[in-house]
Amino acid sequence: MADEMFGHPRLAAVYDILEAHRTDLNAHLAFAERFDAKRVLDIGCGTGVLALLLADRGIEAVGVDPAQASLDAATAKPGSERVQWICGDATALPPLQVDLVTMTGNAAQQIAAPQTWHQTLAGAREALRPGGFLVFETRDPTVRAWEEWNPAASHKFTPLPNADTVETWGDVVDMSPPLVTFRWNYVFATDGEHITSDSTLRFRERQEVEADLAAHGYRLHEVRDAPDRPGKEFVFIAQRPRTP
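Everything quoted here is computed from the prediction, not taken from an experiment.

Student: Please clarify how the pairing of strand β5 (residues 128-139) should be interpreted in this entry.
Tutor: Side chains on a regular strand alternate between the two faces of the sheet. With respect to burial, β5 is a largely interior element, 10 of its 12 residues being buried. When strand β4 (residues 98-103) meets β5, the two strands line up parallel, connected through 5 bridges. Each residue of the ladder has a partner; that of V101, found in β5, is L134. Relative to strand β11 (residues 233-239), β5 runs antiparallel, the two sharing 7 bridges. Looking at β11, one finds that F136 is bridged to F236.

Following this line, the structure appears as structure tokens:
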């Protein structure tokens, strides 16, 4: 099930405005160039920002996401016909052969159930051509990012194009390490509608992720910092070997 922030039509319609500063995507575009990727699978593509940026560069993009409302927002954008959109997840993909698989933002951590996480890694590997790469990031649990997820630090008002304004704030509602559940609040000024969205993230240790990748037959190339959040995230770069 998709979180309300992605699955609720009213929230999906304003997601790009609320999350306008996606400098994290620059690194993924650079990876596509570095690996000379001709075809890219974006797992958890959301409203399709990265997939459309890839298509703008002449790359064949496939975006998969379980939230139909987010895909509706993606397909309403100019140029969306250049992208293959799939409503679902990486556990049940059609046959694909891509050069690069990405999971951006919190996509990897939102796959909280261990079985689904392992099925996702398996599905991504199956979609990769031999020699293709998987790139994703996860937050370093030792940084304890959730300590900044509180109303005082997150409260803001964002103007919308239709003369509306949305008030937002977040707060942690449950800490059960390695799981952290937080609630995001959205209040629309024009009619007062208050929508909440609960999300659970799994904070995996670096060694755990490395072991999971090895268990699914990936060769780990590198673990690096996220350029937009240095010292706070691990960026994993793994490859499907060219030979079994």
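Next comes the rest of the write-up.
Student: Help me out: how do you make sense of helix α4 (residues 49-56) in this one?
Tutor: Within α4 the residues assigned to the buried category are L50, A51, L52, L54 and A55. Along its buried surface, α4 packs onto α3 (25-34), β1 (39-43), β2 (60-65), α5 (68-75), β3 (84-87) and β4. Directly beyond the C-terminal end of α4, a positive phi value near 80 degrees is found at G58.

Student: When you look at the sheet that holds β4 in this model, what are you seeing that I'm missing?
Tutor: Consider a sheet: its strands pair through backbone hydrogen bonds, and that pairing is either parallel or antiparallel. One open sheet holds the 7 strands; their spatial order is β3-β2-β1-β4-β5-β11-β10, and the pairing between them is mixed. Here the strands that pair on one side only, and so sit at the sheet edges, are β3 and β10 (219-224). On average, adjacent strands in this sheet sit at an angle of 15 degrees to one another, irrespective of strand direction. For β10 and β11, the ladder comprises 5 bridges, and the chain directions are antiparallel. Bridge assignment links L220 to a residue of β11, and that residue is A238. Packed on one face of the sheet, helix α7 (residues 114-127) meets β1, β4 and β5 and runs near 145 degrees to β5. Along the sheet, helix α9 (residues 206-215) makes contact with β5, β10 and β11, crossing β11 at roughly 15 degrees.

Student: Which parts of the structure should I look at to understand the nonpolar core?
Tutor: One recurring pattern in soluble globular proteins is that nonpolar side chains are buried together. One finds L41, M103, L134, F136 and L213 to be the most contacted residues of the largest nonpolar core, which totals 27 residues. Broken down by element, this core gets its largest block of residues, 4 residues, from α7. Dropping the residues within four chain positions of it, M103 is found in contact with H28, I43, A108, I111, W117, T120, L134, V135, F136 and E137.

Student: Before we go on, may I ask you to explain the packing of aromatic side chains in this structure?
Tutor: The description of an aromatic ring pair uses the distance of the two centres, along with the angle that the planes make with each other. Evaluation of the coordinates by the stated rule reveals 9 aromatic pairs. Centroid distance F35 to F133: 3.8 Å. Interplanar angle 5 degrees. Geometry classified as stacked. Here F35 is found in the loop between α3 and β1, whereas its partner F133 is found in strand β5, with 98 residues between them in sequence. A single burial state applies to F35 and to F133, both of which are buried. Here W149 and F203 contribute two aromatic rings whose centre-to-centre distance is 6.2 Å and whose plane-to-plane angle is 45 degrees, an arrangement assigned as tilted. With W149 in the loop between β5 and α8 (151-154) and F203 in the loop between β9 (194-202) and α9, the pair connects residues that are 54 residues apart, well separated along the chain.

Conventions and cut-offs
- Throughout this description, residue numbers start from 1 for each chain and increase along the sequence as written.
- Local features are withheld for residues below a pLDDT of 70 in this predicted model, meaning they are given only at 70 or higher, and side-chain atom pairs are given and counted only at 80 or more; totals for whole chains, interfaces and linings count all residues.
- To get the side-chain values, all heavy atoms of the structure are used, and hydrogens and water are removed first.
- The buried label goes to any residue with under 20% of its type's maximum accessible area, the exposed label to any with over 50%, and the partly exposed label to all in between, with areas taken from a 1.4 Å probe on protein chains only.
- Secondary structure elements follow DSSP: runs of H or I no shorter than four residues count as helices, runs of E no shorter than two count as strands, and numbering proceeds from the N terminus.
- Here, any two strands with at least 2 DSSP bridges between them count as paired.
- We call two residues in contact when some of their heavy atoms are within 4.5 Å.
- Each axis is a line fitted through C-alpha atoms, taken for helices only over the stretch in contact, and angles between the N-to-C directions span 0 to 180 degrees.
- Here, nonpolar core means buried Ala, Val, Leu, Ile, Met, Phe, Trp, Tyr and Cys residues that are tied together by side-chain atoms lying within 4.5 Å of each other.
- Aromatic pairs are defined between Phe, Tyr and Trp rings, using the six-membered ring for Trp, whenever the two ring centres lie within 6.5 Å; interplanar angles under 30 degrees are classed as stacked, those over 60 as edge-to-face, and all others as tilted.

Read these as spatial facts, not as claims about activity.
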